[in-house]
Amino acid sequence: MKTQPLKIIGSYVSPYVRKVVACIVLKGLAYEIDPITPFYGNQEFGRMSPLRRIPVLIDRDLTLCDSTVICAYLDEAYPERPLLPANVRDRARARWLEEYADTRLGDLFIWGLFYQKIVHPIVWGEPGDQARIEKTLAEDLPRELDWLESELPAEGFLFGSEIGLADIAIATFFRNGDYAGFEVDRARWPRTAGFVERALAHDCFATLFPFEQAQISTNPQGRRAALLAAGAPLTAETVGMREPKRGVMRL
Ligand SMILES: N[C@@H](CCC(=O)N[C@@H](CS)C(=O)NCC(=O)O)C(=O)O
């Protein structure tokens, strides 16, 4: 039986953190969060997350990285509200859709848009790669939206009327798309637009939205106070520091 809340390290604005926290909310589990942007993680953060990426989950003496690994652990350790469908073939398909979203939608929405338009100027004081943004918008995203349009349901969620991990993994990226000024063209991709709207309106995402707003509208110095005022369950300690440090994967 759980006695301590789960601990999450990572900003509410990260799509991968949002995916994990939405699953925690869906399962009705208690959590605390140290909402750092990965570049501001200190040495202790680098020890827990060798790729210097968020999210990190700490469950008592267990520390885990990577949203997919974390969600799989949560579903096995806390099976009460399953994140995957019951049928074996559906489960396999849900895992593929999660992988597709993390890799391809992550590449486009995060590295192609959000990092170029928001992270580069704000964290590093450098302009983003304009050519990359244009290619993402003109070629890459339309190609993926065409594919999603053929896969997503007209009503409900991917595996029925209940939202699950595959839905969450896909929808989370569209919130960051929104922050980067991208909107799904409803006339061209009506199923995708409807699906994203339904998923992001679900309680598991909607309850996090005020925390994202608090996070986005403040600088790192005022952030914890704004999040506490919004009611976010913050940890007492942080592994954040004042100056950003480059990641180890790419930028
Ligand atoms: N595959 C990882 C990706 C996590 C990821 O890329 N997180 C971003 C934040 S949205 C990050 O930490 N970026 C910092 C970096 O790569 O240096 C997961 O699913 O957790």
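What counts and what doesn't
Residues numbered from 1 in each chain as written. Predicted model: local features only at pLDDT ≥ 70, side-chain atom pairs only at ≥ 80, totals over all residues. Heavy atoms only, no water. Salt bridge = Lys/Arg side-chain N within 4 Å of Asp/Glu carboxyl O. Helix = DSSP H or I, 4+ residues; strand = E, 2+ residues; numbered from the N terminus. Buried < 20%, exposed > 50% of the residue type's maximum accessible area, 1.4 Å probe, protein only. Phe/Tyr/Trp six-rings, centres within 6.5 Å; stacked < 30°, edge-to-face > 60°. Lys NZ or Arg CZ within 6 Å of the ring centre and 35° of its normal. Contact = heavy atoms within 4.5 Å. Pairing = 2+ DSSP bridges. Right-handed = clockwise from strand over helix to strand, strands pointing away. Axes fitted to C-alpha atoms, helices over the stretch in contact; angles between N-to-C directions. Domains from an automatic or database assignment. Buried area = accessible area lost by both parts, 1.4 Å probe. Polar contact = N/O pair within 3.5 Å; in protein donor to acceptor, adjacent residues only side chain to side chain.

**With respect to the pattern of salt bridges**
Thought 1: Counting across every chain of the model gives 18 salt bridges.
Thought 2: Salt-bridge contacts for Glu144 lead to Arg104; the nearest nitrogen and oxygen are separated by 2.9 Å. Of the two residues, Glu144 is situated in helix α5 (residues 130-151) and Arg104 in helix α4 (residues 88-124); the sequence distance between them amounts to 40 residues.
Thought 3: On the accessibility criterion, Glu144 (3% relative accessible area) is buried.
Thought 4: Judged by relative accessible area, which is 24%, Arg104 ranks as partly exposed.
Thought 5: Several salt bridges share partner residues, and in doing so they unite Arg104, Asp107, Arg132, Arg143 and Glu144 into one network.

**A look at the packing of aromatic side chains**
Thought 1: For the structure shown, the criterion picks out 12 aromatic pairs.
Thought 2: On the numbers, 5.7 Å between centres and 55° between planes, the contact of Trp96 with Tyr100 is tilted. A residue pair is termed a helical-turn pair when its members lie 3 or 4 positions apart in one helix, as Trp96 and Tyr100 do in helix α4 at 4 residues.
Thought 3: Since its relative accessible area comes to 40%, Trp96 is described here as partly exposed.
Thought 4: Here Tyr100 falls in the buried class, since its relative accessible area comes to 7%.
Thought 5: When the centroid spacing of 4.7 Å and the interplanar angle of 55° are considered together, the rings of Tyr100 and Trp147 count as tilted. Residue Tyr100 is found in helix α4, and its partner Trp147 is found in helix α5; the two are separated by 47 residues along the sequence.
Thought 6: The exposure class of Trp147 is partly exposed, given its relative accessible area of 27%.
Thought 7: An aromatic cluster of at least three residues, connected via ring pairs, comprises Phe39, Trp111, Tyr115 and Trp124.
Thought 8: Lying across the ring of Trp124, Arg246 places its NZ or CZ 4.0 Å from the centre.

**Considering the side chain of Arg175**
Thought 1: Turning to its location among the elements, Arg175 is positioned in helix α6 (residues 165-179).
Thought 2: Classification of Arg175 as buried rests on a relative accessible area of 9%.
Thought 3: Once you skip the residues sitting within four places of it in the chain, Arg175 turns out to touch Arg18, Leu200, Phe205, Phe209 and Glu212.

**Side note on the pairing of strand β1 (residues 6-9)**
For a regular strand, side-chain orientation follows a simple rule: the groups alternate between the two sheet faces.
Thought 1: Pairing analysis gives 4 bridges linking β1 to strand β2 (residues 31-34), with the strands arranged parallel. By the bridge assignment for β2, Leu6 is matched with Tyr31.
Thought 2: Between the parallel pair β1 and β2, the chain is carried across by helix α1 (residues 15-26), and the sense of this crossover is right-handed.
Thought 3: In this sheet, strand β3 (residues 56-59) lies alongside β1 in antiparallel orientation, the contact comprising 3 bridges.

**Here's the deal with the sheet that holds β2**
Thought 1: Judged by pairing direction, the sheet is mixed, and its 4 strands sit side by side in the order β2-β1-β3-β4 without closing on themselves. Across the chains shown, the open sheet's two edge strands, defined by having one partner strand only, are β2 and β4 (62-65). On average, adjacent strands in this sheet sit at an angle of 20° to one another, irrespective of strand direction.

**A closer look at the domain arrangement of the protein chain**
The parts lose accessible area when they come together, and the size of an interface is often stated as this lost area.
Thought 1: When the domains of the protein chain are assigned, the result is domain 1 (6-82 + 210-230) and domain 2 (88-204).
Thought 2: Counting from both sides, the interface comprises 20 residues of domain 1 and, opposite them, 23 residues of domain 2.
Thought 3: Together domain 1 and domain 2 conceal approximately 1,700 Å² of surface at their shared face, both sides included; 62% is due to carbon and sulfur atoms.
Thought 4: Taken as a group, Tyr16, Lys19 and Phe39 account for 29% of the area that domain 1 buries against domain 2, more than any other trio of residues on that side.
Thought 5: In this assembly, domain 1 and domain 2 are joined by 4 salt bridges.
Thought 6: Close ionic contact of Arg175 with Glu212 constitutes a salt bridge, the shortest N to O distance being 3.6 Å.
Thought 7: There are 11 residue pairs in polar contact (both at pLDDT 80 or more) connecting domain 1 and domain 2.
Thought 8: Elements supplying a minimum of two residues to the side of domain 1 that touches domain 2: α1, α3 (67-77) and α9 (209-216).

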